[in-house]
Structure formats: C-alpha cells, structure tokens
Amino acid sequence: MGDLVIGARSGAGEPEGPGRRADRSTESAASSASVEDAAAQTADGQGGAGSEDSPGSQHAEAESADGSESEAPSKPRKQRSFWKELPILVGIALILALVIKTFFVQAFSIPSESMQNTLQVGDRVLVDKLTPWFGAEPERGEVVVFHDPGGWLSDEPTQQSSNSFLRGVQDVLSFVGLMPSANEKDLIKRVIAVGGDTVECEGEGPVKVNGVALNEPYVYQGNTPCGDHPFGPVKVPKDRIWVMGDHRANSLDSRFHMDQPGGGTVPVDNVIGRAFVVAWPVGHWSTLPVPDTFDQKGLAAAAPMAPPVAGAVGAVALLPLVRRVRGRVESRKES
C-alpha cells in the first residue's frame, strides 16, 4: 500500500509489464488507424469532388486556359518597308493621273505670243475635258485648246530637249498629263463665232457676229480688232467654230487659213476642251471667264427665233384637231 502512495505522489508511472505494453501498443495502433481513416476520408472527399468531370469544372478549366492564352503577349506584325511600298504608291499615283488626264483635266503650255496679254509664253493652263463627254460644245468667248485641223502648224518645230534622259522624263509625264507634250501640235485660241453665225471684220474693226459689234478689252494693247487682216463676212458651218488670238497682229488664226478646207474654221471634234484657269506660274494665276461682250442681246438672234416659229407651226397644224374635238364635246352636251 505504501509503495502505491509514494509512487502516486512522486508522479512516477505505473510499473510496466509485458501485459501493459501490449495494451498500449494495441491502443496506439487503434488511434493511428482512426487518424489515418479520418485523413483518408477527408482526402477521398476532396479528391472525389475535384476529380468529377462536371460541366462547371470543365468550364472553369477552359476559362483559365483561355485567360492564360489571352494574357500571353501577341507577336507584333512585321510592317512593310517604306521602300517596298514606294513603287506601289507611285504606280497608284500614275494611274490616277492618267485617268484624270484622260477624262477630267489636262495641263497645256503656252508656246507663243498669240494670246497675249491674256496668256504669256510659258504659262500652264488647265483644260476642262469632262464637259465635252456630256455633249457640251464650245461657246463664244471661251478660250479653247484644239488639235491642228490641218496645216496650221506645219512649219512649227517640236520643242524637245536635246538630253535623252530629259526627253524620256518629259514623255512619261506628258503621257500621264503632268506635263504638256512636245510632240502634240495643239493650239489655243478664243472662240469668236460658232456654227450658224456670220462673222466679219472690216477695216480696223470692230469684229461683228451676226451684225452685233464686239467690245473686246482683251485684245492686245496697240492692236486693232482686225489686226492687219480684215475678213468676211464668213458664214460658219455647222459643228465648226471661228477662232482668233487676242494678240491680233501676231496670231495665225482662222483669218489666215480661209483658203484651206473649212474656210479657216475648226471642227468641234478637234476641240480638246476649254482652258479655265492659269495654274502656273503662281504669279500669273487667274481664271479665264467668258467676257461680258458675248452676253449681248441679239448676238445669237437667229437661235431664239427658232422655238417661237416652231411653236406657231405646231399650233397651226393642230388647229383642225382642236376644232374636231370641240365639236364632239358640244354635240354630246346637246344630246
């Protein structure tokens, strides 16, 4: 009994024997087994929930994969070199210039003094080529560019550079309309009369169209309206025009070709277009409007009379029909 008390106070453990050790081993084994079972159950629960191929888990995995791909930096596209794009840009520009020259506007150079002081030698004018495509014809007072109708420039030499390289550049630029051609023999004059008009100039003038005198402030200072070559009266054929230069004493215009086919007139089909602006040099920039003198009443007296005459003829022709219809209407009323 005393040993038991002393041992209890001292806190010493109970004496172990073979039986006690076996019991402790059994208890420890049981506790370890229970802990392992609990851990296994916990692990099974977590693993089972994560291992199921549910739509939610697949969607989450897909989103995480997409997110990782979108976060990945995209490779920048390699830009073309400027020198590789330059030929394409030049080609497009040349095509556009060619289209503009063919259908819209073309530049021409003034080679002589025949249109002074309206135009100076070396001026560049822009010519409207669009309106003729819609059937527009030259009108009195317009400055027009036209092809040589035959023999007007037979003695004029072509103006070309002696340098072969410069000639090639000029040919290319003139082909696309960026520079006037040295090979084309074109002229520029002012339209004085059109098809159906009668034009004349006696003595020192003035020039008369259909009997109406023109006031021409654009004529070169010191020149007379007829220059040194009076003419007429001349009846301008249909679809042709009578042209004169503003420098009357220095212009081989319609007056000097009356012995040729057409009597000095120019076919409308030869007209390239109307010059509407002086584009170069900048100091000479100006528009080329139709002078007010060509807006005079009676200048085209023959043309306005045609509609009234045609209307009167039509009314006379329809008079019997009108009477017949009126008689039928009256007879129906009486019945």
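You'll find the structure just up there.
Residues numbered from 1 in each chain as written. Predicted model: local features only at pLDDT ≥ 70, side-chain atom pairs only at ≥ 80, totals over all residues. Heavy atoms only, no water.

Caption draft 1: Seen up close, the packing of aromatic side chains. If you walk through the whole model with that rule in mind, you get 2 aromatic pairs. Here Phe146 and Trp152 contribute two aromatic rings whose centre-to-centre distance is 5.8 Å and whose plane-to-plane angle is 90°, an arrangement assigned as edge-to-face. Side by side, Phe146 and Trp152 carry an identical accessibility label, which is buried. A cation over a ring is seen here: Arg190 above Tyr218, with NZ or CZ 4.1 Å from the ring centre. (Phe/Tyr/Trp six-rings, centres within 6.5 Å; stacked < 30°, edge-to-face > 60°. Buried < 20%, exposed > 50% of the residue type's maximum accessible area, 1.4 Å probe, protein only. Lys NZ or Arg CZ within 6 Å of the ring centre and 35° of its normal.)

Caption draft 2: Up close: the environment of Val243. Structurally, Val243 can be placed in strand E9 (residues 240-244). Given the relative accessible area of 0%, Val243 is considered buried. With 49 residues separating them in the primary sequence, Val243 and Val194 have C-alpha atoms 9.0 Å apart. Excluding residues that lie within four positions of it along the chain, Val243 makes contacts with Phe146, Trp152, Lys189, Arg190, Val191, Ile192, Asp253, Ser254 and Val266. (Helix = DSSP H or I, 4+ residues; strand = E, 2+ residues; numbered from the N terminus. Contact = heavy atoms within 4.5 Å.)

Caption draft 3: Geometry of the layout of surface pockets. The volume enclosed by the second largest pocket comes to roughly 190 Å³. If you trace the second largest pocket, you find 14 residues lining it, with Pro132, Ala136, Glu137, Pro138 and Val271 closest to the centre. Looking at the lining of the second largest pocket residue by residue, the class counts come to 6 nonpolar, 3 polar and 5 charged. (1 Å grid on protein atoms, 1.4 Å probe; cavity = no way out; pocket = protein on both sides within 12 Å on 5 of 7 lines; lining within 4 Å. Points joined across faces, edges and corners; volume = space filled by probe spheres on them. Nonpolar A, V, L, I, M, F, W, Y, C, P; charged D, E, K, R; others polar.)

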